[in-house]
Amino acid sequence: MTLTTFPRKKPFKPRKMSKKGTFVGSIDQGTTSTRFIIYDQSFKAIGSHQTEFTQIFPQAGWIEHNAMEIMETVRVCMAKAIDKATADGHDVDNGLLAIGVTNQRETTVVWSKSTGRPLHNAIVWMDVRTSAICRRLEEQLPGGKQHFQDACGLPISTYFSAMKFLWLLENVDAVKKAVESGDALFGTIDSWLIWNLTGGCHSVDPTQNAVSGLHVTDVSNASRTMLMNIKTLEWDKPTLETLGIPIEILPKIVSNSEIIGTVAKGWPTANVPIAGCLGDQHAAMLGQACRKGEAKSTYGTGAFILLNTGDEVIISKHGLLGTIAYKLGPNAPTNYALEGSIAIAGAAVQWLRDSLGIIKTAPETEDLAKQVDNSGGVYFVPAFNGLFAPWWKDDARGAMVGITRFTNKSHIARAVLESICFQANDVLDSMHKEKGGATNEGFLLRVDGGASANNLLMQIQADLMGCPVVRPADIETTAIGAAYAAGLAVGVWTEDEIFSTEQRQAKETTFRPILKEEQRKKKLESWYKAVTRSFDLADLSL
Ligand code: ADP
């Protein structure tokens with residue numbers, strides 16, 4: 001296949017080439033933690049730092065982040081990663097040529113232009129407080145849940161940023177007033193960070209009023225708001241009108257790989273261009289070098305399976321999302337993707353650790369679950385906040401079925417791991433249906449993300465899908481994807497280098513299915529029964 005081409009008529013001239021190296025930094029702002037990773041020209045990580053931040057649970061189903069705290073984690077991670085790399089002899093100060101940003105998607109921040117302060121905590125992508133707003137819109141608008149799908153590729157759901165913004169507008173006075181007075185800025189985490197990195201001035205002095213930074217987002221993050229037209233890649237005026245959202249509060253949409261702006265004074269990476277921006281799942285796609293017809297599954301807090309559909313926008317009839325894969329430059333063609341999003345994957349493992357206390361660390365699930373050959377008939381549906389793809393049921397809640405007196409914690413741990421894989425399989429099934437009913441035969445799934453380190457989880461995934469699962473040596477594909485995009489824009493590497501797979505393939509691990517087809521089918525049938533039993537359990541009127 002022909003790769004996308006990105007015109008680089010005027011390559012970026014580095015401020016100072018270092019004899020000791022050329023580096024690209026990546027801000028990876030995830031749901032539970034922030035990382036800053038510095039790569040050298042051969043894509044090797046030469047310094048990194050990661051820090052967790054507070055998860056705020058004001059009530060059941062609500063999840064918030066403190067946007068100021070997130071910004072501070074970026075500062076700390078940058079400083080510590082640079083210190084580590086410098087201590088190892090790398091001249092990062094002179095050789096850092098670009099920074100890429102990748103982030104948890106959909107999480108919504110509204111802040112004041114004049115003070116630079118958020119007007120409310122960020123509402124996180126998993127938060128379901130907007131159920132009532134979604135229902136209202138579904139009842140009022142022709143086509144119900146699918147009303148906006150032709151324009152943005154997405155169904156009406158609590159998941160997407162526009163619904164979160166409407167909630168803020170209807171429930172938070174400060175937001176309403178700032179929107180009316182023209183002082184409000186809306187953004188996902190990428191916009192919030194870039195605005196601050198490019199000059200939002202409490203990055204220098206928290207007591208001063210803000211100097212405006214650049215208010216931008218990229219096509220992939222914008223494609224998750226419900227507000228961008230997926231074909232024109234511009235804010236969709238009819239959607240904005242229907243929802244009563246003023247275009248003035250929205251950021252400018254840019255491509256995934258271009259020089260967006262320069263980091264302001266006061267940051268550890270001052271003067272370095274920000275040259276790449278992608279939502280985390282899109283960055284992972286690029287990090288995995290997924291081309292047309294190839295799919296990847298990222299196992300983090302949630303799990304996200306994306307299939308690159310090339311230049312074809314698919315408006316799903318099987319519960320999937322039409323989204324952007326990547327657009328590597330302002331004039332480059334757009335690669336689209338079909339996505340199946342699963343809200344709870346690694347988060348179910350965290351629940352075993354934090355709420356049930358049957359493990360102390362996430363990796364322990366592997367040994368615990370290995371103590372039994374199967375889940376002993378137990379099926380776990382982690383619909384903690386409803387179910388996303390392909391079901392889109394906000395009234396579903398967690399269920400564990402098939403328990404007997406024989407059930408022990410190993411069975412439960414195994415059922416939790418299996419639940420992650422069953423959900424991913426449901427998504428892949430829908431992808432095949434969308435494409436006309438093919439099966440997983442001949443298919444291969446690329447995997448990454450924190451939980452993909454679990455070998456048992458990956459083997460179960462291969463068994464339940466009945467196809468090979470391929471894990472790269474570096475599972476931090478979101479971070480490397482953002483670095484690829486940024487380095488590409490400033491000429492550190494080329495598209496051919498990014499998409500060349502030889503070196504990568506040498507270090508991959510492949511998990512091949514060993515479960516008999518008959519057993520696989522039986523397990524999938526039981527899973528299906530368990531899923532349907534999780535429906536309609538939440539009282540959404542409360
Ligand atoms: P995010 O980017 O969403 O914050 P990460 O990619 O950092 O997520 O992955 C962290 C998630 O993966 C956590 O939910 C954790 O419980 C889970 N996880 C990490 N390691 C393992 C493991 N070895 N086995 C199972 N789950 C794991």
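Per an unreviewed UniProt entry, the recorded name for the chain is glycerol kinase, and the organism is Protea cynaroides. UniProt, in its Catalytic activity (unreviewed entry) section for the chain, records the words "glycerol + ATP = sn-glycerol 3-phosphate + ADP + H(+)". Quoted verbatim from the Sequence similarities (unreviewed entry) field of UniProt, the annotation for the chain is "Belongs to the FGGY kinase family."

(A) Representation of empty space enclosed by the protein in the model. Per the stated rule, a full pass over the model turns up four cavities of 30 Å³ or more. By volume, the largest cavity is sized at about 90 Å³. If you go around the largest cavity, you meet 13 residues; those closest to its centre are Lys145, Ser157, Thr158, Trp392 and Asp394. Of the residues in the lining of the largest cavity, the class split is five nonpolar, four polar and four charged.

(B) Representation of the pattern of salt bridges. Counted by the stated rule, this structure contains 20 salt bridges. Salt-bridge contacts for arginine 35 lead to aspartate 28; the nearest nitrogen and oxygen are separated by 3.1 Å. Side by side, arginine 35 and aspartate 28 carry an identical accessibility label, which is buried. What emerges from the salt-bridge pattern is a single network uniting Arg105, Glu106, Arg224, Asp280 and Glu339.

(C) Highlighting the sheet that holds strand 16 (residues 335-342). Read from one edge of the open sheet, seven strands run 15-16-14-13-19-20-21, paired in mixed fashion. The strands lining the two open edges of the sheet, one partner per strand, are strand 15 (321-326) and strand 21 (509-511). For this sheet the average axis-to-axis angle between neighbouring strands, irrespective of direction, equals 30°. When strand 20 (residues 469-471) meets strand 21, the two strands line up antiparallel, connected through three bridges. The residue bridging valine 470 from the neighbouring strand is threonine 510, located in strand 21.

(D) Summary view of the sheet that holds strand 1 (residues 23-29). Sheet architecture is open: six strands sit in the order 3-2-1-5-12-11, paired in mixed fashion. Each having just a single partner strand, strand 3 (45-52) and strand 11 (257-262) make up the two edges of the open sheet. Adjacent strand axes in the sheet meet at a mean angle of 25°, parallel and antiparallel pairs treated alike. In the sheet, strand 2 (residues 33-40) pairs with strand 3 via seven bridges, with the strands oriented antiparallel. Paired with threonine 34 across the bridge in strand 3 is threonine 51. Contacts from helix 1 (residues 67-87) reach strand 1, strand 2, strand 3 and strand 5 (96-103), with the element oriented near 150° to strand 3.

(E) Examining the site of the ligand more closely. Around the ligand, the structure places 16 residues, and the nearest of them are Thr32, Thr301, Gly346, Gly450 and Asn454. Within the side chain of threonine 301, one N or O atom sits 2.7 Å away from an oxygen atom of the ligand. Take glycine 346: an N or O atom from its main chain is 3.0 Å from an oxygen atom of the ligand. Computed on the free molecule, the ligand has an accessible area of 580 Å², of which 84% lies beneath the protein chains in the complex. By residue number, the principal contributor to the shell around the ligand is helix 11 (residues 346-356), which donates four residues. Here the residues of the shell around the ligand sort into five nonpolar, 10 polar and one charged.

(F) Spotlight on the packing of helix 10 (residues 280-287) against helix 15 (residues 477-489). The contact between helix 10 and helix 15 brings their axes to 7 Å, and the two run at 80°. By the criterion of interaxial angle, the relationship of helix 10 to helix 15 is roughly perpendicular. Across the interface between the two elements, Asp280, Ala283, Ala284, Leu286 and Gly287 of helix 10 pack against Thr477, Thr478, Ile480, Gly481, Ala482, Tyr484 and Ala485 of helix 15. Of the residues in the contact of helix 10 with helix 15, the class split is seven nonpolar, four polar and one charged.

(G) Layout of the packing of aromatic side chains. Scanning the entire structure with this criterion turns up 22 aromatic pairs. With centroids separated by 5.6 Å and ring planes inclined at 70°, the aromatic side chains of tryptophan 125 and phenylalanine 304 adopt a geometry described as edge-to-face. Linking tryptophan 125 in the loop between strand 7 (122-123) and helix 3 (131-140) with phenylalanine 304 in strand 14 (residues 303-310), this pair joins segments that are 179 residues apart in sequence. Overall, the relative accessible area of 3% leaves tryptophan 125 in the buried class. The exposure class of phenylalanine 304 is buried, given its relative accessible area of 6%. Among the aromatic residues, those joined into a cluster by ring pairs are Trp125, Tyr159, Phe160, Phe304, Phe388 and Trp392. If you follow arginine 105 out to its NZ or CZ, it ends over the ring of phenylalanine 304, 5.2 Å from the centre. Here the basic side chain of lysine 393 rests over the ring of phenylalanine 535, its NZ or CZ set 4.9 Å away from the ring centre.

The rules we used
By convention here, each chain's residues receive numbers from 1 onward along its written sequence. At least 70 in pLDDT is required for a residue's local features to be given in this predicted model, at least 80 for side-chain atom pairs to be given and counted, and no such filter applies to totals for whole chains, interfaces and linings, which use all residues. Neither water nor hydrogens contribute to the side-chain values; these are computed over all heavy atoms in the structure. UniProt positions are given in the numbering used here, feature names are shortened, and annotations may be inferred rather than shown by experiment. Of the grid points, spaced at 1 Å and generated over the protein atoms alone, those admitting a 1.4 Å probe that cannot get out make up cavities, while open sets with protein on both sides within 12 Å along at least five of seven lines make up pockets; any residue with an atom within 4 Å of a point is treated as lining. Grid points are joined across faces, edges and corners, and a volume is the space filled by probe spheres set on the points. Under the scheme applied, nonpolar residues are Ala, Val, Leu, Ile, Met, Phe, Trp, Tyr, Cys and Pro; charged residues are Asp, Glu, Lys and Arg; polar residues are all the others, including Gly. By salt bridge we mean one thing: a side-chain nitrogen of Lys or Arg within 4 Å of a carboxyl oxygen of Asp or Glu. Exposed residues in this analysis have more than 50% of their type's maximum accessible area, buried residues have under 20%, and partly exposed residues fall in between, with area computed by a 1.4 Å probe over protein chains only. The pairing criterion is simple: DSSP has to find at least two bridges between the two strands. A run of DSSP states H or I qualifies as a helix once it reaches four residues; a run of E qualifies as a strand once it reaches two. Both are numbered from the N-terminal end. Only the contacting stretch of a helix is used when fitting its axis, a line to C-alpha atoms as for every element, and angles between N-to-C directions run 0 to 180 degrees. For this analysis, residues touch if any pair of their heavy atoms sits within 4.5 Å. Being near a molecule or strand, for a residue, means having at least one of its heavy atoms within 4 Å of it. Pairs of N or O atoms are called polar contacts if they sit within 3.5 Å, as long as, within protein, a hydrogen donor faces a hydrogen acceptor (for residues adjacent in sequence, only side-chain-to-side-chain pairs). Note on areas: Shrake-Rupley with a 1.4 Å probe; residue coverage comes only from the protein chains shown. Oblique is the label for every angle not falling under 35 degrees (roughly parallel), over 145 degrees (roughly antiparallel), or within 65 to 115 degrees (roughly perpendicular). For Phe, Tyr and Trp, where Trp contributes only its six-membered ring, two rings pair if their centres lie within 6.5 Å, and the inter-plane angle classes them as stacked under 30 degrees, edge-to-face over 60, or tilted in between. Two conditions define a charge located above a ring, namely a distance within 6 Å from the ring centre to NZ of Lys or CZ of Arg, and an angle within 35 degrees of the ring normal.

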